[in-house]
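# Remarks on the overall topology
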Amino acid sequence: MIYVVGGIKGGGGKTTVATNLVVALSLDKRDVLLVDADDQETASDFSAWRDERTEGNAGYTSIQLTGRNARAELLRLKDKYQDIVIDTGGRDTTSQRAAMSVADIYLVPFNPRSFDVWTVEKVSRLIDEIKSINPDLECFAFLNRADSRGSDNDDAAEALKDEQAFSYLDTPLVNRKAFSNAAAQGMGVLELKPEDSKATGEFMALYNKIKKVNNNVNNKVESNVKNKVISNVENNVEKGKK
Ligand SMILES: Nc1ncnc2c1ncn2[C@@H]1O[C@H](COP(=O)(O)OP(=O)(O)O)[C@@H](O)[C@H]1O
Ligand SMILES: [Mg+2]
């Protein structure tokens with residue numbers, strides 16, 4: 001499964017979500033590749049730090065990939081890993097488009113505090129454009145750095161629910177120190193000791209939703225393959241009759 005964590009605004013939490021997703025998948029014993037497609041290299045810095053802290057047992061492989069070549073490289077890597085998670089930069093870049101063009105799932109965190117409808121519309125337009133070359137891309141938005149209470153969340157959630165280009169995942173990640181504390185130690189929030197049970201609970205809720213989406217995508221792919229096999233068999237039977 002290829003996941004892209006994207007959006008067109010810096011600071012939304014792309015790297016936080018991408019690195020936590022990679023850690024969660026690796027804890028699930030998946031063979032994962034983290035692709036840093038942002039020239040700011042925050043995800044690579046995280047991985048280097050994690051490698052150092054774990055003495056080389058980060059649990060996943062990490063590479064950097066930006067620019068026009070990204071699509072061809074990703075297609076080559078696709079079958080070598082069970083999962084690929086791609087962290088993208090803060091703008092609508094060539095790398096983000098390349099990643100979206102080969103991905104299965106596009107995840108966009110939105111920050112309700114600095115929420116603007118203009119950004120949502122731009123993301124929607126980007127998705128619409130990419131869908132013309134990758135119609136099977138499944139797109140999801142959710143809140144990150146949400147307030148634990150207050151109306152900002154609801155306003156942002158309403159605006160996200162209104163969009164056609166993506167589905168809204170009602171599993172917000174609240175603004176919690178645990179995320180930056182974990183990152184500072186080269187860890188995912190699930191690994192942090194002492195555990196922040198609210199942060200892990202919220203992250204697991206999001207992660208479980210993503211796994212559900214993943215199952216649906218797999219079923220779709222399987223049934224496409226099955227249909228293809230059935231239609232091939234039928235074609236052969238037809239040919240045999242002739
Ligand atoms: N849920 C969260 N709670 C608290 N801090 C967060 C959360 N998500 C992200 N951050 C912090 O916000 C900053 C920007 O997040 P980052 O993941 O780097 O965004 P992006 O990659 O989209 O630019 C970082 O300092 C990160 O630690
Ligand atoms: Mg980032």
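For the structure, see preceding data.
Rules used throughout
- Residues numbered from 1 in each chain as written.
- Chains lettered and ligands numbered in written order.
- Predicted model: local features only at pLDDT ≥ 70, side-chain atom pairs only at ≥ 80, totals over all residues.
- Helix = DSSP H or I, 4+ residues; strand = E, 2+ residues; numbered from the N terminus.
- Rg over C-alpha atoms; globule rule 2.2 N^0.38 Å.
- Buried ≥ 20, exposed ≤ 12 C-beta atoms within 10 Å, placed from the backbone.
- Contact = placed C-beta atoms within 7 Å.
- Core = buried A, V, L, I, M, F, W, Y, C linked by C-beta atoms within 7 Å.
- Pairing = 2+ DSSP bridges.
- Near = placed C-beta within 6 Å.
- Right-handed = clockwise from strand over helix to strand, strands pointing away.
- Axes fitted to C-alpha atoms, helices over the stretch in contact; angles between N-to-C directions.
- Left-handed = near helix turned anticlockwise from the far one by under 90°.
- Nonpolar A, V, L, I, M, F, W, Y, C, P; charged D, E, K, R; others polar.

### A few points about the overall build of the protein
Secondary structure summary: the protein contains eight helices and eight strands in total. Taking 18 Å as the expected radius of gyration for a compact globule of 242 residues, we find that the protein reaches 19 Å, a close match to that expectation. For the protein, the spread of C-alpha atoms along the three principal axes comes to 70 × 45 × 35 Å. A total of 242 residues make up the protein; the buried ones form 40% of that total. Sequence separation of 24 or more characterises 77% of the internal contacts of the protein that already satisfy a separation of 6 or more.

### So, the nonpolar core
In this structure, Y3, V85, I86, A99, A103 and Y106 are the most contacted members of the largest nonpolar core, which totals 64 residues. Take this core: its biggest share by element is seven residues, from helix α1 (residues 14-27). Beyond its immediate sequence surroundings of up to four residues, Y106 is in contact with V4, G6, M100, I127, L137 and C139.

### Some points on the pairing of strand β1 (residues 2-5)
Judged by which residues are buried, β1 turns out to be covered on both faces: I2 and V4 on one side and Y3 and V5 on the other are all buried. Across four bridges, β1 lies against strand β4 (residues 83-88) in parallel orientation. Bridge assignment links V4 to a residue of β4, and that residue is I86. With three bridges joining them, β1 and strand β5 (residues 105-110) adopt parallel strand pairing. When the bridges of β5 are listed, Y3 appears paired with I105.

### Considerations on unusual backbone geometry
A cis geometry characterises the amide bond from K193 onward to P194, with omega recorded as -5 degrees. With respect to the helices, strands and loops of the structure, P194 is situated in the loop between α7 (177-184) and α8 (197-241). At E41, a residue that is not glycine, the phi angle is positive and equals roughly 60 degrees. The partly exposed category is assigned to E41, around which 16 C-beta atoms lie within 10 Å.

### So, the site of ligand 1
Around ligand 1, 17 residues are found, and the nearest of them are G13, K14, T15, T16 and S180. Only α1, β6 (138-146) and α7 provide two or more residues apiece to the shell around ligand 1.

### Some words on the environment of G12
With respect to the element layout, G12 can be found in the loop between β1 and α1. Between the C-alpha atoms of G12 and R113, which are 101 residues apart in sequence, the distance is 9.9 Å. If sequence neighbours within four positions are ignored, G12 has contacts with G7, P109, F110, N111 and N144.

### Considerations on the pairing of strand β3 (residues 61-64)
Bridging between strand β2 (residues 32-37) and β3 involves four bridges; their strand directions are parallel. Within the sheet, the bridge partner assigned to V35 lies in β3 and is I63. Note on the crossover from β2 through helix α2 (residues 42-53) to β3: the handedness is right-handed.

### Examining the packing of helix α3 (residues 70-77) against helix α4 (residues 94-102)
The N-to-C vectors of α3 and α4 enclose an angle of 35 degrees; their axes lie 8 Å apart at closest approach. Crossing angle aside, the handedness with which α3 passes α4 is right-handed. Where α3 abuts α4, its residues A70, R71, L74 and L75 lie against S95, A98, A99, S101 and V102. Split into classes, the residues belonging to the contact of α3 with α4 amount to six nonpolar, two polar and one charged.

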